[in-house]
Amino acid sequence: MSVAARALSPLTAGLAQIGACGIFLLQTLRALPRSLRYLRETVRQVFFVGAMSLVIIMTCGLFVGMVLGLQLYHTLSIFGGTAALGTVVALSLYRELGPVVTALLFAGRAGTSITAEIGLMRATDQLDAMEMMAVDPMAYVVAPRFLAGIIAMPLLACTFNALGILGAHLVGVAWLGLDNGTFWSNMTANVDVWDDVINGVWKSTAFGAVCTLIATFQGYTTPPTSEGVAYATTRTVVFSSIATLAIDFVMTAFLM
Amino acid sequence: MNANHDDALIRIRGLSTVLNGKTIFNGVDLDIPRGRITAIMGPSGTGKTTLMRHITGQLAPDAGEVIVDGKNVWTLGRDALFDLREKIGYLFQNSALLTDFSVFENIAFPLRQHLRLPEELLRNIVLTKLQAVGLRGAADLMPSELSGGMMRRVALARAIVRDPMLIIYDEPFVGLDPIALNQILKLIRTLNETLGVTSILVAHELAAVSRVADHIHLLAAGKIAAYGTPEELSRGETPWTRQFFSGEADGPVPFHYPAPDYAQQLGLAGGEA
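The rules behind these values
Residues numbered from 1 in each chain as written. Chains lettered and ligands numbered in written order. Predicted model: local features only at pLDDT ≥ 70, side-chain atom pairs only at ≥ 80, totals over all residues. Helix = DSSP H or I, 4+ residues; strand = E, 2+ residues; numbered from the N terminus. Buried ≥ 20, exposed ≤ 12 C-beta atoms within 10 Å, placed from the backbone. Contact = placed C-beta atoms within 7 Å. Rg over C-alpha atoms; globule rule 2.2 N^0.38 Å. Nonpolar A, V, L, I, M, F, W, Y, C, P; charged D, E, K, R; others polar. Pairing = 2+ DSSP bridges. Axes fitted to C-alpha atoms, helices over the stretch in contact; angles between N-to-C directions. Left-handed = near helix turned anticlockwise from the far one by under 90°. Expected span 1.5 Å × (residues − 1). Parallel < 35°, antiparallel > 145°, perpendicular 65-115°, else oblique. pLDDT = per-residue confidence, 0-100.

Trainee: Sorry if this is basic, but what is going on with the overall build of chain A here?
Mentor: Across its full length, chain A holds nine helices and zero strands. For the C-alpha atoms alone, the extent of chain A along its principal axes is close to 65 × 50 × 30 Å. When each of the 256 residues of chain A is scored for burial, the buried share is 44%. Considering only intrachain contacts with a sequence separation of at least 6, the fraction spanning at least 24 residues in chain A is 88%.

Pasting the structure below:
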């Protein structure tokens, strides 16, 4: 019995974590109306997780687009279909790569800093101090960051997509000599706003919610030690990445 | 033991707490009289801070009740608890200043969160409190630019900024130089005398505590081991007070953390040699 219990203990611990995270989500949602008082804090967080992530998102978007352009050009040229380059690049970016890669980068850039910041607030009693000053940290600290993630992620994904298409255009048109008009007209003819673009926006909104939920949860519940904060930061990246890819599969299956 | 004060701001009855398998409190009964300075003293690790966390609704006890200002803390809803906390100033052991904000904004924080004051008035209140702790000149510094003692004084200013009915000082004297210590002691006294604030002082420093406290509760081994005025306790009539007030290693409070036999652990005993 105890051997079985010990073998299952990582599983039960994991389930307990997921359960605790679910309760944390409910607490965050319940704190959302009260956090509207702290609108300025939300705006500050949108700047912090959104605007401050622009450099990494734009650089990576450009490179991903350039790689896509290069790879797809060679693959498509086998079938004589290089004219479809713009379409294929745009569809893969809008539907999959934009939201997913942005979420992975977001977890590394913004998620970790949210976890570390809240974790250190926990370790230095700042969250308790807020409680004692009758300010609910769920409404003042967690909810604004959660909202900011939901607002910032789709915007970042759109920026990523735009830079990605630009990168593919640079490679396909300026370098490999594809016709400029073909590139754009094929893309505009085959990419649907609702089915492709908005579809991706829904995805990245969900990723924004999940990534910031994990980041705030890990920070809020971290053991108040330097080791605890370090592990929590790592867990943020690991869990966010897994959750992003898993949810991506589920959403793709349903939104297809 | 509680017959001599009839008007208690805080009544604790039958408080029992077990943390991580260790019994912290085992049926503690305690009254904190209104308008007085009550010190909670005791050896390290006896749960003085835990007791404060029970009083302020931060940590739930396993059994017993905590009545603050006529309200049972552990039956209050969130809003009622927050209303109560608005009337309590809490000085944290490690200051717990908000690192994103300047000294001024740290002290202004509770005011900005709960009251809509004209900026001019808010500024005056904050500067008055800063003046009281001698740090008016440091208003624009960030917490990271302060020494530990200065942080403690800023935290003190923040704790008193809303003129609370109860101030809890958790280790207020740690890291203060003798000048600051003297001023803080005077401030605690003044707040108590002029505003009638009830104060709870959690501290180790006997000399300092004896100068301001009206009563001392000595907490040891999960119980109130002794209670009385500083003079009464310093006479050392029980083994607890005798040991604590003279600082001896031998007595009911073990100085050593539980350990195996010293000689045996060093390999000097046991007869095999």
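Trainee: How do you make sense of the overall build of chain B when you look at a structure like this?
Mentor: Counting its secondary structure elements, chain B contains 10 helices and 10 strands. Since a compact globule built from 273 residues should have a radius of gyration of about 19 Å, the 21 Å found for chain B is in line with a globular shape. Referenced to the eigenvectors of the C-alpha coordinate spread, the extents of chain B come out at roughly 80 × 40 × 35 Å. Taken over 273 residues, chain B has a buried fraction of 36%. The long-range fraction of contacts in chain B, counting pairs at least 24 apart against all pairs at least 6 apart in sequence, stands at 62%.

Trainee: I would appreciate a short explanation of the interface of chain A and chain B in the present structure.
Mentor: When the parts of a complex come together, some accessible area is lost, and that lost area is often taken as the interface size. Each partner contributes to the interface: chain A provides 10 residues, whereas chain B provides 14 residues. Looking at the side of chain A that touches chain B residue by residue, the class counts come to five nonpolar, two polar and three charged.

Trainee: Where do I start with unusual backbone geometry in this structure?
Mentor: Excluding glycine, residues mostly carry a negative phi; peptide bonds, for their part, are mostly trans. One non-glycine residue with positive phi stands out, namely alanine 134 of chain A, at about 60°. Of note, alanine 134 of chain A is situated in the loop between α5 (126-132) and α6 (137-175). For alanine 134 of chain A, a count of 20 C-beta atoms within 10 Å corresponds to the buried category. Unusually for a residue other than glycine, glutamate 171 of chain B sits at a positive phi of about 50°. Relative to the elements of secondary structure, glutamate 171 of chain B occurs in the loop between β7 (166-170) and α6 (178-195).

Trainee: Honestly, the sheet that holds strand β3 (residues 37-41) of chain B in this entry has me stumped. Any pointers?
Mentor: Sheet strands associate in pairs through backbone hydrogen bonding, adopting either a parallel or an antiparallel arrangement. Residue and element names in this part refer to chain B. One open sheet accounts for six strands, arranged β6-β7-β8-β3-β9-β10; its pairing is mixed. The sheet terminates laterally at β6 (88-91) and β10 (223-228), the two strands that pair on one side only. With strand direction ignored, the average angle separating the axes of adjacent strands in the sheet is 15°. As paired strands, strand β9 (residues 215-220) and β10 are joined by five bridges and run antiparallel to one another. Bridge pairing in β10 places leucine 219 opposite isoleucine 224. Running over the sheet, helix α9 (residues 239-246) touches β9 and β10 and is turned about 100° from β9.

Trainee: What should I look at first to understand the packing of helix α3 (residues 54-78) of chain A against helix α4 (residues 85-123) of chain A in this one?
Mentor: Relative placement of two packed helices is described by the angle separating their axes and the distance separating the axes. Residue and element names in this part refer to chain A. Where α3 contacts α4, the two axes come as close as 10 Å, and the packing angle between them is 145°. Relative to α4, the crossing made by α3 is right-handed. Along its contact with α3, which presents Ile56, Ile57, Cys60, Val64, Gly65, Leu68, Gly69, Leu72, Tyr73 and Leu76, the element α4 presents Leu85, Val88, Val89, Ser92, Leu97, Val101, Thr102, Leu105 and Arg109. For the contact of α3 with α4, the per-class residue count stands at 14 nonpolar, four polar and one charged.

Trainee: How should the sheet that holds strand β4 (residues 63-68) of chain B be read in this particular structure?
Mentor: All names here are of chain B. In spatial order, the strands read β2-β1-β4-β5; together these four strands make up an open sheet with antiparallel pairing. Looking at strand neighbours, the two that pair on one side only are β2 (22-33) and β5 (71-72), the edges of this open sheet. Examined bridge by bridge, β4 and β5 share two bridges and lie antiparallel to one another. Bridge assignment links isoleucine 67 to a residue of β5, and that residue is asparagine 72. Strands in contact with helix α1 (residues 48-55) are β1 (8-19), β2 and β4; relative to β1, the strand with the most contacts, it is inclined by about 120°.

Trainee: Please clarify how α3 of chain A should be interpreted in this entry.
Mentor: An α-helical segment advances 3.6 residues per turn. Residues three or four places apart therefore align on the same side. Residues and elements named next belong to chain A. The terminal C-alpha atoms of α3 lie 36 Å apart, and with 25 residues this matches the ideal 36 Å at 1.5 Å per residue to within 8%. Those residues of α3 hidden inside the fold are in contact with α4 and α6. A positive phi of about 65° marks glycine 80, the residue just after α3.

Trainee: Got a minute to help me understand the packing of helix α1 (residues 2-35) of chain A against helix α8 (residues 193-220) of chain A in this structure?
Mentor: Residue and element names in this part refer to chain A. Contact geometry of α1 with α8 gives a least axis separation of 10 Å together with a crossing angle of 105°. Between α1 and α8, the crossing angle belongs to the class labelled roughly perpendicular. Counting all contacts with α1, which are made through Cys21, Phe24 and Leu25, the residues of α8 involved are Leu213, Phe217 and Tyr220. A per-class count over the contact of α1 with α8 returns six nonpolar, no polar and no charged.

Trainee: What am I meant to see in the environment of leucine 191 of chain B here?
Mentor: All names here are of chain B. Summarising the element assignment, leucine 191 is placed in helix α6. Residue leucine 191 is classed as buried on the basis of its C-beta count, with 20 C-beta atoms lying within 10 Å. Linking leucine 191 and aspartate 163, residues 28 residues apart in sequence, is a C-alpha distance of 9.0 Å. Every residue in contact with leucine 191, bar those within four places of it in the chain, is listed here: Ile160, Ile167 and Val197.

Trainee: Please explain the pairing of β4 of chain B as it appears in this structure.
Mentor: Moving residue by residue along a regular strand, the side chains alternate between the two faces of the sheet. Relative to β4 of chain B, β1 of chain B runs antiparallel, the two being bridged by five bridges. Bridge pairing links isoleucine 12 of chain B to valine 66 of chain B in β4 of chain B.

Trainee: Sorry if this is basic, but what is going on with the confidence of the model for chain A here?
Mentor: A low pLDDT means the predicted coordinates there should not be read in detail. Averaged over every residue, the pLDDT of chain A is 93; the share at 70 or more is 100%. No element of chain A has a lower mean pLDDT than α1 of chain A, which averages 89, and none a higher one than α6 of chain A, which averages 96.

Trainee: Mind showing me how you'd approach the confidence of the model for chain B here?
Mentor: Residues and elements named next belong to chain B. Summary statistics for chain B give a mean pLDDT of 86 and a share of 96% for residues scoring 70 or more. Confidence, expressed as mean pLDDT per element, reaches its minimum in chain B at α9 with 76 and its maximum at helix α3 (residues 103-114) with 94. Scored by ipTM, the complex comes to 0.84, with pTM at 0.87.

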